[in-house]
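# Report on the structure
So the chains spell out like this:
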Amino acid sequence: MNGNLLLKWSVAMALCCSVLMAEAQWSVGLKGGWDYTTITRSNADRIDESYSGFSGYDAGIQARYGFNEWFALRADLSFMRRSHRMDRNLNYLDPVFTNHHNYYLMLPVLADFSFGGEIVRGHAYAGGYMGYWLRERRVGKTYWMTDYYVYFNDFNEVREFTSEDARFCAGLIGGIGLSFKLDDHFNVNLDALYYYDLVSHRRSSPHLRDPRYLNTLSVTVGVNYQF
């Protein structure tokens, strides 16, 4: 009896899987657009520094596997510039600032829940991501002082990584989107995704805890080919 029940259950599961696979569809494409990054950081008594967001970009490839009309899994491989800005707040140092341009290779994996008609569909995304910090370029204005004057100097440099830098990142991602079907194979998607770091890109030292988390809003347009 148990054997017959197991056999019936296996046949039912196989039929369900075959139906899902019959409806499943692959699509691959390219995406590109704008992003805006802010930094969450402890002040750590640095009363003369303030931090603000800065624009960047997001470009890469995306792949989507649709199980049925309303559910799919999507993975992107993105090259992102996640930047932020530091300003000095003392009166005589007002011109001093640093723009931190952080270049990352990102791999988000998303559950894609869609709704709507055949031509235009809405999307709700949720998932997680991993990333790797490739490079940091710093652009800004620094200073030096003498007994009588304060001198300012522009700089543009690539910073060398140290043992205090945590180059792997991971976090949560969510967002919304719209897709437009052009024909049987091509569609265009407009997405807004928010990346929320759970891993600080600065390791804590025994003497000072200084966690730094990047949070990025990305708005991209993608063109996909559906097989």
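Residues numbered from 1 in each chain as written. Predicted model: local features only at pLDDT ≥ 70, side-chain atom pairs only at ≥ 80, totals over all residues. Heavy atoms only, no water.

### A closer look at the pattern of salt bridges
Per the stated rule, a full pass over the model turns up 15 salt bridges. Across the pair Arg88 and Asp48 runs a salt bridge whose closest N-O atoms are separated by 2.5 Å. Of this pair, Arg88 sits in strand β3 (residues 71-88) while Asp48 sits in the loop between β1 (25-41) and β2 (49-66), and the two are 40 residues apart along the sequence. By relative accessible area, Arg88 is classed as buried at 17%. Close ionic contact of Arg82 with Asp197 constitutes a salt bridge, the shortest N to O distance being 3.3 Å. Taken as a pair, Arg82 in strand β3 and Asp197 in strand β8 (residues 186-197) lie far apart in primary sequence, 115 residues in all. Taking the relative accessible area as the measure of exposure, Asp197 reaches 2% and is therefore buried. Overlapping salt bridges, with partners in common, bring together Lys31, Asp58, Arg74, Asp76 and Asp191 in one network. (Salt bridge = Lys/Arg side-chain N within 4 Å of Asp/Glu carboxyl O. Helix = DSSP H or I, 4+ residues; strand = E, 2+ residues; numbered from the N terminus. Buried < 20%, exposed > 50% of the residue type's maximum accessible area, 1.4 Å probe, protein only.)

### Describing the layout of surface pockets
When its volume is computed, the largest pocket comes out at roughly 660 Å³. When contributions to the lining of the largest pocket are tallied by element, the ones reaching two or more residues are β1, β2, β4 (97-116), β5 (120-145), β7 (168-181), β8 and β9 (212-226). Among the elements that line the lining of the largest pocket, the one with the most residues is β2, at 4 residues. Of the residues that constitute the lining of the largest pocket, the class distribution is 5 nonpolar, 14 polar and 10 charged. Taken as a whole, the second largest pocket spans an internal volume of roughly 320 Å³. As for the second largest pocket, its lining consists of 19 residues, and the residues nearest its centre are Arg41, His100, Glu136, Arg138 and Arg212. Listed by contribution, the elements that provide at least two residues to the lining of the second largest pocket are β1, β2, β3, β4 and β5. In the lining of the second largest pocket, the residues fall into 5 nonpolar, 5 polar and 9 charged. (1 Å grid on protein atoms, 1.4 Å probe; cavity = no way out; pocket = protein on both sides within 12 Å on 5 of 7 lines; lining within 4 Å. Points joined across faces, edges and corners; volume = space filled by probe spheres on them. Nonpolar A, V, L, I, M, F, W, Y, C, P; charged D, E, K, R; others polar.)

### A look at the environment of Tyr196
Mapping Tyr196 onto the fold places it in strand β8. Taking the C-alpha atoms as reference, Tyr196 lies 6.2 Å from Ile173; in sequence the two are 23 residues apart. When residues no more than four places from it in sequence are discounted, the contact partners of Tyr196 are Tyr129, Ala170, Gly171, Leu172, Leu214 and Asn215. (Contact = heavy atoms within 4.5 Å.)

### Notes on the pairing of strand β6 (residues 150-158)
Pairing analysis gives 9 bridges linking β5 to β6, with the strands arranged antiparallel. Residue pairing in the sheet places Trp144 in a bridge with Tyr151 of β6. Counting the residues that bridge the hairpin from β5 to β6 gives 4 residues. (Pairing = 2+ DSSP bridges.)

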